[in-house]
Amino acid sequence: MSRKSQTSVMNSALNSLDPSTIEFMEWLISKDTNPGDTLLVVEDYFDKKYVILFDKSMLTNVIVAYRDGMPWCITCNTEDCGHVGFAIYLKQNYDRDDQVVY
């Protein structure tokens, strides 16, 4: 990983796939009640193209793009950060419900 991507990943509370499961579950629970309680906010979702998330631990927008169907975090320059995990869960939720509410 480049120094820039290592810094981005280290500055995020979602520096691995594991925390993304918990964060997605919290997002699902709070999106209708209190969306201010989550670490990630869904800014934009374009199916099979990209997801733009606002990461409150990094205080910046994060872009997860899909390359040949596989998610890649452009901000962290990796395929295995928590942003990617969150994007995978978001896509699965979208595929199931056929809509995204954020």
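Whatever comes next refers back to the structure up there.
Read on for a plain summary of the structure. What you see is a predicted model, and the numbers here were worked out from it, not measured in a lab.

### Re the packing of aromatic side chains
No. 1: Going through the model one piece at a time under the given rule, you end up with six aromatic pairs.
No. 2: With a centroid separation of 5.3 Å and 70° between ring planes, the pair formed by phenylalanine 24 and phenylalanine 86 is classed as edge-to-face. Separated by 62 residues along the polypeptide, phenylalanine 24 in helix H2 (residues 18–30) and phenylalanine 86 in helix H3 (residues 82–97) bring together distant segments of the chain.
No. 3: Classification of phenylalanine 24 by relative accessible area gives buried; the value is 5%.
No. 4: According to the relative accessible area criterion, phenylalanine 86 is buried, its value standing at 0%.
No. 5: An aromatic cluster of three or more residues is present, and its members are Phe24, Trp27, Phe86 and Tyr89.

### Quick word on the pairing of strand E4 (residues 70–73)
No. 1: Of the pairings in the sheet, the one linking strand E3 (residues 60–67) to E4 comprises four bridges and is antiparallel in character. By the bridge assignment, tyrosine 66 is partnered in E4 with proline 71.
No. 2: Following E3, the chain reverses through two residues before pairing antiparallel with E4; aspartate 68 in that reversal takes a positive phi of roughly 50°.

Here is what the cut-offs are and how they apply
Residues numbered from 1 in each chain as written. Predicted model: local features only at pLDDT ≥ 70, side-chain atom pairs only at ≥ 80, totals over all residues. Heavy atoms only, no water. Phe/Tyr/Trp six-rings, centres within 6.5 Å; stacked < 30°, edge-to-face > 60°. Helix = DSSP H or I, 4+ residues; strand = E, 2+ residues; numbered from the N terminus. Buried < 20%, exposed > 50% of the residue type's maximum accessible area, 1.4 Å probe, protein only. Pairing = 2+ DSSP bridges.

By themselves, these figures tell us nothing about what the structure is for.
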